Amino acid sequence: MTDLSVSPIEEINAAIEDYNPFNSAAIDKVQSVWGKGFPDLNTLNAHASQKVLEIIKQVKTSPDSKDKVATLVLTGDIGSGKTQLIGRLRRRVIGDGSALFIYANGSKYGDLNLLRHQFLQTLVENLARVGSQGVTQWQEVAAAMANASNSSGQKTAAATIVKNFDKAYDKALQNNQNLLKKLSSQILKIKPDADPYILRAILWTLSEMYAPYTLEWLAGNELDQETANSIGLPTNAGKTSQEQEAEALGNIQQILRLVSDHKPVLICFDELETQGILSEDGFTKAQVIVRLVKDLYDNLEQSGIGKGIVMLTVMFGSTWAGEIASAITGTATVNKIGGGVGDRLSTATQGKPISLKPLDSQSIVDLVALWLQKELYEPRGLKPHDPVYPFAESQLRDIGKGKPTVREVLDWCAKNYNRKAIPPEERFKIAAKAANEADIGDYLEDNDKIADALCFGFEQLIGEALEGETSTGQKLRQLTIERVDTDIQVINSKATPKNLSNQGYINFKVIGNEDNKNFVIGVAVIQKGNAAALGAGLKRLTAYERFGLTRGCLVRDKSKKINNKTQAYKLLEKLISQDQGGEWAYLEAEQIRPLIDLYTVYQNCETYQLTQKQVAEFSKPQILENQLLREILSDPSGEIDSETIEEEELFGTLFDESSADDTANDDNLNDLFVA
C-alpha cells in the first residue's frame, strides 16, 4: 500500500539529481556571521552557547560593578563549528533582543600595531547592522536615549523616532531651534560622565542624511571641515595612525559605556590564527588580540558598565596551548604575554577554555537530516520516506565512530551525495547557482569583497586581446592585460603629496598595453558615503607619480552622491580632468554580483571536485563580457553624471544653525515621538 504522507520517490530522486545542498557548505568560509547562515543543529555544542547566554544574563542582573564585565574562551579544531556557533549566538541575542552583538573577525586586522583603531572600526561597523527592532543597533541606542529625555515618560518605538528625526530636525530649525543640541543637553543631565561629542555622534545616527558621516567620525576617521561644522563635531583631521591608535581605547570605552546602558553587549573575537605575521614587539595575532581583551576588561571593569559586557574569544585548541596558555606561563618559545592576561581572558570559567566536542553517531544523523530537510526537501515541498535519504543511517553512524568535525561530515556528504558522474562544466554550473543563491549580506557596502572579485576578474583576462565598445560607448583598442598587482607601494618617494602611503585605499593595479602604449590603472573601490573617506581615497588615486600610475579609476555606486563643495569633489574633478584622464566607473549590483559568485566558486572549487584551472576556464566567457571590467579598462568619458552631484543648497538650508535660546520651546522635541 502506498504511503500518501510521503512524496513519490520519483520526485525525491529528481530533486536529488538537480541539487546537492551540501555543496553550499563551502560558502561558509567566506560568508559573514551576519548573513543568513546555514542549518544549525541547536543541540550541537549546546553546552558552549548556553554558557555564553547564561553569562549574558548574569552580567545584566548583577548588582556588583565588578561582575559587569565577563570573558570566556572557546576552543575547537578546524571545521568544528566555531563560527557557526557564533552565528547561533548572533541570531539568538538579536532575535530576542537580549543583547547587542559585535563580531570581530581577526582576519580583517592587517596591521597588528594598530589593533585598537581597527577594533574601533569593527565596533562602529557592527553597531551599524540591523538589530532586534528593525533599525540599526546604533539607532536602537540613540532612540533609547531620546526616549529617556522625553519628559512625558512616553516610550516611542525606535523605528518611529528614526522615521521622524530628519523631519523634526528641519521643523525645529524653522523655529530657530536645534533639536540635536536640545537632545544632547537633556541626555547629558542623565549621563553627566558621557563624552559630549560621542553622545552627539550617536544621536546623529538617527538621521538618514548624516548617519554615514557620524559613523565615519565614530570610527576615528576624518571629516571635512564643512560637514564637521554642520553636525557639531571635531574634524579628526591631521592625526597620524599612531595618534588614532592612542585615542582608540578611550573611545571604545566611551562607546561601550553608553551602548551598554541600553542592553548587554556580546563581543565575539574569531579567526585569530595567521601564520608568520607578528607585531613590532614580536607577538602573534592571537596574542595581540588577547592582550586587547585584557586591556578592554581592565578599562571597562572600572568604568561602571550598565547592563554588562561579555567578551568571547574563539580559537583553535592548538592556538590556546601553543600561543596563549604557554605564553601566559612563560613556558613557550614565543614572547611571554604576562601582565595579568591569564586572569582576565576567561573570568567566567576560572581561566579554563570551553572546548567544542566532536560529532558522535547520533549527532551526525541529526545534522545530515536537518541539512536535507532545510536545504533540499522543505524548500521544494517534499517529504522523504527517510529523513537522511539518499544516505543510509547505518552509513552515517559508522562515520561517527571516527569523531569527525562538522566540516568533515559536510564535505563527505557533498562528495558522496550523488554518485552519478556529472561532467565538470555541470558541476561548475551547480556551484555557481549555489553561490548566487547564498545570502552574502550587504555586499555592495563591502569594499574588500568587491575589490577581491574585480581583481579575480582581471586576473582571468591576463593575456587576452580585448577590443570593442562598452555599454556606455567607450572604446577598447587592442588592449592586453599583462599582470595585476595588489601590493601597492610608493614608487617615487619624492613625489607629492609627501609622506603619503596607500593605507589600503588603492586596491590593486591593472598593468598592460593598449594600442602599443603601456598603462598602469590604479583601482579604488570606495563605497563609504563619508566625504572625508572618499577624499582620502581620491587623494591617493590622483597621486599618479607617487604610486606609479598612468590612470586612476574610482569604483563607486552612482547613487552615493558627492557634495560639490567638498574636497572630495575637487579631487574627483582632478581625477577625470584631461590632464589625469581618470574615471569614475559606476558600480551596479548586476555587474559585480556575478564576479563575486565566480570568485566564491574559485575559492571553494575542491568542494565541487573542480580545480581552480577548470573554474577559471568555465568563468572566462562571463568575465570577458562583464561590463564593469570593460568600463574600468576603457577610455574614460571625462564627465561626471549630474545625477551624482549633491547641490550645496540642501546642506545650507538644513543645517543653518541659530544662536537662539534652545530651551525656549519643547514642541519640536515632541515631534520626535509622534507615532
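For the structure itself, look to the data block above.
For the structure given in this document, a descriptive report is provided here.

Analysis parameters
Residues numbered from 1 in each chain as written. Predicted model: local features only at pLDDT ≥ 70, side-chain atom pairs only at ≥ 80, totals over all residues. Heavy atoms only, no water. Phe/Tyr/Trp six-rings, centres within 6.5 Å; stacked < 30°, edge-to-face > 60°. Buried < 20%, exposed > 50% of the residue type's maximum accessible area, 1.4 Å probe, protein only. Lys NZ or Arg CZ within 6 Å of the ring centre and 35° of its normal. Helix = DSSP H or I, 4+ residues; strand = E, 2+ residues; numbered from the N terminus. Pairing = 2+ DSSP bridges. Polar contact = N/O pair within 3.5 Å; in protein donor to acceptor, adjacent residues only side chain to side chain. Contact = heavy atoms within 4.5 Å. Salt bridge = Lys/Arg side-chain N within 4 Å of Asp/Glu carboxyl O.

Applying the stated rule across the entire model yields 17 aromatic pairs. Centroid distance Tyr210 to Tyr213: 5.3 Å. Interplanar angle 50°. Geometry classified as tilted. Overall, Tyr210 belongs to the buried group, its relative accessible area being 0%. Given a relative accessible area of 9%, Tyr213 falls into the buried group. An aromatic cluster is built from Phe22, Trp371, Phe391, Trp412 and Tyr417, whose rings are joined through pairwise contacts. Residue placement shows Lys558 over the ring face of Tyr586; its charged tip is 4.9 Å from the ring centre. The cationic tip of Arg593 hangs over the ring face of Tyr443; the distance from NZ or CZ to the ring centre is 5.4 Å.

On to the pairing of strand β9 (residues 517-525), then. With seven of nine residues buried, β9 lies mostly within the body of the structure. The sheet contact formed by strand β8 (residues 508-514) and β9 spans seven bridges and is antiparallel. Following the sheet pairing, Lys509 is matched in β9 by Gly522. Hairpin geometry of β8 and β9 is characterised by an intervening segment of two residues between the two adjacent antiparallel strands and by a positive phi of about 55° at Asp515.

Moving on, we get to the side chain of Asn221. Relative to the elements of secondary structure, Asn221 occurs in the loop between α9 (211-218) and α10 (225-231). Among the residues examined, Asn221 registers a relative accessible area of 13% and is labelled buried. A polar atom in the side chain of Asn221 sits 2.8 Å from the side chain of Glu216. Leaving out residues up to four positions away in the same chain, Asn221 has contacts with His117, Gln121, Glu216, Thr235, Asn236 and Lys528.

Attention shifts here to the pattern of salt bridges. Tallied over the full model, the rule gives 18 salt bridges. Note that Glu140 is salt-bridged to Lys263, the shortest N-O span being 3.0 Å. One end of the pair, Glu140, is in helix α5 (residues 137-149); the other, Lys263, is in the loop between α11 (241-259) and β3 (265-270), with 123 residues separating them in the sequence. Like Lys263, Glu140 is buried. Beyond isolated ion pairs, a larger network of salt bridges with shared partners links Asp40, Arg88 and Arg91.

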